[in-house]
Amino acid sequence: MIAEGGLAALWIAAALALVQLTLGWGAARSGSEELITAVRRIAIAQGVLAALAFGILILLFLNSDMSVLLVATNSHSAKPLLYKFAGAWGNHEGSMLLWVTVLAVAGACVALFERRLPGKTLAATLGAQAAMALGFYAFIVFASNPFLRIDPPPPDGQGLNPLLQDPGLAFHPPALYFGYVGLSVAFSFAVGALVMRDVGPAFARAMRPWVLAAWIFLTIGITAGSYWAYYELGWGGWWFWDPVENASLMPWLAATALLHSVTVLATRDGLRAWTLMLALVAFAMSMLGTFLVRSGILVSVHAFAVDPTRGSFILALLGIYIGGALALFGARVGTIRQGSTFQLVSREGALVLNNLLLSVLLGIVFIGTLYPLVAQAMGQQLSIGPPFFNKAGIPVTLVLIVATMAGPLLKWRKDKWSELGRKMLVPAAAAITVTVMLLVVAPGISLNATLGLIAAGALAVASLVPLWKRNLRRTPMHIYGMVVAHLGVAVSIAGMASDAAFTQERLAAVRVGEVVTVGPFEAKLAEVRPTLGQNWSAVEAVLIVRKGDGKPFEINPQQRFFTDPVTTTSEAAIQTLWDGQLYTVIGAGEGSGKDARWQIRLWWKPFVTFIWFGGFLIAFGALLALVGRVRRERRSEEAYE
Amino acid sequence: MKPKHQRLALGLAALAAIAGASGLALSALKDEAAFFYSPGDVAGKPLPLGKNVRLGGMVEAGSIVRAADGVSIRFIVTDGKAKTPVSFRGVTPDLFKEGSGAVAEGQFQADGSFVADNLLAKHDERYMPPQMEGKMHKSDSLEQ
């Protein structure tokens, strides 16, 4: 009965979304206070019901209710509780339900908390949010119902793909979804503003917290996903330019541009049409990402769901929403009045440059991700890999870093080249220092890695300059947010460049008792032993590692065997030191007894942790900015009262 | 600058950026797009020598041979039409096994063999390279 309850909740939520859309439209036209209040309440009820449906799905997974097809195909009664829980969204149907739930709950939050928008605009915004939710409800109940029953129920279920049985992967998809769907709010705001012809600083200030929040989740999701791929897949890489990764990077790039342009709109009333356009594009990229990942049209190393009919359904939704929004934009863009103007050399100018460069990067990732699909449609098998993205993306990124350095040093509206030049002396000095150090210490590293390290050093220094000569206690929190986020970019880039420049690798087949060396480490294979987990068995290497005369430590890479379904995974063992990570993998063994040899692969990766530490710094900076902005606005509202 | 001129300047800058991006992307595409081959694609045709490409297909049952150094393997990739011998040095991915799909990244040699720098196997145990879909029997214990 519980499953049927979930389905019923879903249907009612869908019906409410339809009512919300209709009433929202009426309220936006008439401006009736009662209607606006009704729309708010319906949006909240819709959010609660969607959350209820998702809660019921989680309950079914926790109870291992094998009479539900989805549970039977994606769970197993002997699975650890955490993965039963995460199994609820570790599959196509569950993840789509999560998607619509987050969409509905985000709409409910807007209805609950949004007080700045005029009532009519709010009603239009909630109507747009409902229109989107409606499409996804239809998709779920007609094409991917998570509550389908199976008769007779199997005793145990097929289990969850062991690669998904990892805390990192259990939680990074929800983070990404919060980000994707958070951008839906920005999209709805833009649609609402277009419908009501109400674009200005107030609109931007209302939208900004949502963009910031979505951006925080996207950043965390991408960072966590990258770290997951790094330690779970056992090949030592942290970014693959895989289409599924690109699917999350594209909305992030668009949202990053949006975040900066919405600030221009909020503080200086500039870039009105452009900001609206970016809000539409950012969510279009979220939907495109969902389509790419969920349609199965990709030849990806990690596209999980394969079903063409679902693909066409999402593609149709994508076409309707994005096409519709772009048509609305095209029809209304002429009526948006010109905002304030500014000189080329100004904070606005730098932010425009930042936006253009981010758009260029987005274009490159877009082409690299979709071109193979177009080629395939024309009968040509093609795949685009890291060389393409590195060659096209790195030069743009380097220019973008220079813009990131200059932006915060410029005054709003109008500044002078000479002033900028004077302020840029500090980061320039940092760049020269890093260059000289690299020439002395590491002359042989690649050009890209060298440029990356120089850029990271200069950006790190430049990002701190805005705090120079300021009263640090009276500096607003959002300034700290910007400083921390930009510093995070520098830290991340330093990690990437360091990994590219200094990684050392060793691969060997060793007998017990033999020693392999990599970088400053000597690793002795002391033993290979069997070991057991809750739902897996494994062989585990005991490597005793010594760095110079330091204290030896033990590290245990494993090969795990799962029975439901039958799979082997390799669990890398990673030792994190202050200056980098030692990454070890045990591969296949051959022979037996004393002659047995095991493949051991070792990497020494100096400062590789900076990549993800930087990612979390960026998210933390955005959090500071979000809290700072919200508090500040609350205070100024109080001042009015 | 008058607002009108500013709009124009920004529009031109945006156009220039888009043109630059397309130029960069296209030139990189020309040089770096790794073509995806299956053994049947290269049978009896000139090989794409000296280029990094991907070779996809099924690992032929019984074809994996380990070398004496313990870290090199040779195997045969097939798509049902033709076969390509592949050699690889490294730890094979977890899902790499005989009879299942794999994608090798590397270069063709003049003798028609393939040297892989990197091996990929799909995360999902039900993965098949797209060319193979429909040709192979798919099993799903719940549907049976």
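What comes next concerns the included structure. (Residues numbered from 1 in each chain as written. Chains lettered and ligands numbered in written order. Predicted model: local features only at pLDDT ≥ 70, side-chain atom pairs only at ≥ 80, totals over all residues. Heavy atoms only, no water.)

Within chain B, the regular secondary structure consists of two helices and seven strands. Helices and strands appear in chain B in the N-to-C order α-β-α-β-β-β-β-β-β. Across the 144 residues of chain B, 44% fall into the buried class. Within chain B, residue pairs in contact and separated by at least 24 positions form 52% of the contacts whose partners lie at least 6 positions apart. Surface accessibility of chain B: about 7,500 Å² in total, with carbon and sulfur atoms responsible for 57%. (Helix = DSSP H or I, 4+ residues; strand = E, 2+ residues; numbered from the N terminus. Buried < 20%, exposed > 50% of the residue type's maximum accessible area, 1.4 Å probe, protein only. Contact = heavy atoms within 4.5 Å. Areas by Shrake-Rupley, 256 points an atom, 1.4 Å probe, with all protein chains shown as cover.)

This part takes up the overall build of chain A. Secondary structure assignment for chain A yields 17 helices and 11 strands. In terms of overall dimensions, chain A has C-alpha extents of about 85 × 75 × 55 Å along its principal axes. Taking contacts inside chain A between residues at least 6 apart in sequence as the whole, the part at least 24 apart equals 73%. Of the accessible surface of chain A, which amounts to about 25,600 Å², a share of 66% is contributed by carbon and sulfur atoms. For chain A, the centre of its 47 positive side-chain charges and the centre of its 35 negative side-chain charges are spaced 13 Å apart. (Lys, Arg positive; Asp, Glu negative; His and termini not counted. Charge placed at Lys NZ, Arg CZ, Asp CG, Glu CD.)

Turning to the environment of A:Pro552, a few remarks are in order. Residue and element names in this part refer to chain A. Along the chain, Pro552 falls in the loop between strand E5 (536–547) and strand E6 (553–555). When the C-alpha positions of Pro552 and Glu522 are compared, they lie 9.4 Å apart, and in sequence the two are 30 residues distant. Look past the residues within four positions of Pro552 in its chain and what remains in contact with it is Ile544, Val545 and Arg546.

The next thing to look at is a positive patch on the surface. Residue and element names in this part refer to chain A. On the surface, Lys411, Arg413, Lys414 and Lys416 cluster together to form a positively charged patch. Topologically, Lys411 is positioned in the loop between helix H13 (386–406) and helix H14 (417–441). The class for Lys411 is partly exposed, based on a relative accessible area of 46%. (Patch = residues over 30% accessible without salt bridge, like charges linked within 9 Å, V, L, I, M, F, W, Y side chains within 5 Å. Salt bridge = Lys/Arg side-chain N within 4 Å of Asp/Glu carboxyl O.)

Before going further, it helps to examine the packing of aromatic side chains. The description of two aromatic rings rests on the distance between their centres and on the angle between their planes. A full pass over the atoms with the stated rule returns 27 aromatic pairs over all chains. Ring plane angle 55° and centroid distance 6.1 Å describe the contact between A:Trp89 and A:Phe171, whose orientation is recorded as tilted. Within this pair, whereas A:Trp89 is found in the loop between helix H4 (81–87) and helix H5 (92–113), its partner A:Phe171 is found in helix H7 (residues 167–196), the two being separated by 82 residues in sequence. Looking at A:Trp89, the relative accessible area reads 7%, which means it is buried. Look at A:Phe171 and you get partly exposed, because its relative accessible area is 40%. Relative to B:Phe114, the ring of B:Phe108 lies with its centre 4.9 Å away and its plane at 80°, an arrangement referred to as edge-to-face. Classification of B:Phe108 by relative accessible area gives buried; the value is 3%. For B:Phe114, a relative accessible area of 0% corresponds to the buried category. Here the aromatic cluster, defined as three or more aromatic residues joined through ring pairs, consists of A:Trp99, A:Phe136, A:Tyr177, A:Tyr180, A:Phe187 and A:Phe283. (Phe/Tyr/Trp six-rings, centres within 6.5 Å; stacked < 30°, edge-to-face > 60°.)

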